[in-house]
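Commentary on secondary and tertiary structure
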Amino acid sequence: MDFDRYVGLPWKSGGRGFDGVDCYGLVWLFYAHELGTSIRSFAEAYSNAEDRSETAELFSVGVDGWLPAKAAPGAVVLIRRGKLPCHVGIAAPGRRILHIEKRDGLSVMAPITASLSNRIEGYFRPKVEA
């Protein structure tokens with residue numbers, strides 16, 4: 001898996017391509033290109049990736065059927081912001097996470113610090129689209 005290929009992608013709400021992604025778009029793009037796995041896009045399921053309550057609702061319903069996974073490279077990481085599980089990233093080698101937030105503007109590879117670790121809801125493998 002080539003994680004470096006996804007570092008530096010620009011933020012774009014609803015984005016699903018190398019020209020711009022939001023947090024779930026980054027997961028979708030990684031799964032499509034690195035794992036050859038088709039997962040649901042959800043691009044039509046929300047109007048603004050910055051709306052925490054909207055994305056938390058999407059993730060609570062959308063991950064239904066996803067399988068819990070080990071904290072291994074390629075697993076989707078579901079993360080709380082405040083009390084809401086509304087952010088996702090991809091577990092990367094070396095206790096890091098590949099993710100993107102609008103405030104950073106670009107996708108990054110970040111260490112899983114103690115603070116971040118306390119906000120992780122779990123690790124998952126997405127349900128493959130038929």
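Reference entry: report on the structure contained in this document.

What counts, and where the lines are drawn
Residues numbered from 1 in each chain as written. Predicted model: local features only at pLDDT ≥ 70, side-chain atom pairs only at ≥ 80, totals over all residues. Heavy atoms only, no water. Pairing = 2+ DSSP bridges. Helix = DSSP H or I, 4+ residues; strand = E, 2+ residues; numbered from the N terminus. Expected span 1.5 Å × (residues − 1). Buried < 20%, exposed > 50% of the residue type's maximum accessible area, 1.4 Å probe, protein only. Polar contact = N/O pair within 3.5 Å; in protein donor to acceptor, adjacent residues only side chain to side chain. Salt bridge = Lys/Arg side-chain N within 4 Å of Asp/Glu carboxyl O. 1 Å grid on protein atoms, 1.4 Å probe; cavity = no way out; pocket = protein on both sides within 12 Å on 5 of 7 lines; lining within 4 Å. Points joined across faces, edges and corners; volume = space filled by probe spheres on them. Nonpolar A, V, L, I, M, F, W, Y, C, P; charged D, E, K, R; others polar. Contact = heavy atoms within 4.5 Å. Axes fitted to C-alpha atoms, helices over the stretch in contact; angles between N-to-C directions.

**Observations concerning the pairing of strand β8 (residues 120-125)**
Looking down a regular strand, the side chains alternate between one sheet face and the other. Looking at chain direction, strand β3 (residues 67-68) and β8 are connected through 2 bridges and run antiparallel. The residue bridging L67 from the neighbouring strand is R125, located in β8. Two elements, strand β4 (residues 76-81) and β8, share 4 bridges in a ladder whose sense is antiparallel. Residue I79 lies in a different strand from β8, and its bridge partner there is I120.

**Details of helix α1 (residues 23-34)**
Over its 12 residues, α1 extends 16 Å from the first C-alpha to the last, a length consistent with the 16 Å expected when each residue adds 1.5 Å. All buried positions along α1 are accounted for by C23, Y24, G25, L26, V27, L29, F30 and Y31. Near the N-terminus of α1, the side chain that reaches the backbone nitrogen of Y24, with its oxygen 3.3 Å away, is that of D22. Of the residues trailing α1, G36 is marked for its positive phi of about 60 degrees.

**As for the pattern of salt bridges**
Counting across every chain of the model gives 5 salt bridges. The partner of R80 in a salt bridge is E121, with the nearest N and O atoms 2.7 Å apart. Here E121 lies in strand β8 and R80 lies in strand β4, a separation of 41 residues in the sequence. Overall, the relative accessible area of 22% leaves R80 in the partly exposed class.

**A few points about the layout of surface pockets**
Estimates place the volume of the second largest pocket at around 150 Å³. Surrounding the second largest pocket, 12 residues form its lining, H99, E101, R103, L116 and R119 being those nearest its centre. Contributing elements (two or more residues each) for the lining of the second largest pocket: β4, β6 (96-99), β7 (108-111) and α3 (114-119). Among the residues forming the lining of the second largest pocket, the class breakdown is 5 nonpolar, 2 polar and 5 charged.

**Quick look at the sheet that holds β4**
Taken in spatial order, the 6 strands make up an open sheet running β3-β8-β4-β5-β6-β7, and their pairing is antiparallel. Every other strand in the sheet has two partners, leaving β3 and β7 as the edge strands with one partner each. Pairing of strand β5 (residues 84-92) with β6, which is carried by 3 bridges, proceeds in the antiparallel orientation. By the bridge assignment, I90 is partnered in β6 with L98. Contacts from α1 reach β4, β5, β6 and β8 within the one sheet, and its direction differs from that of β5 by about 35 degrees.

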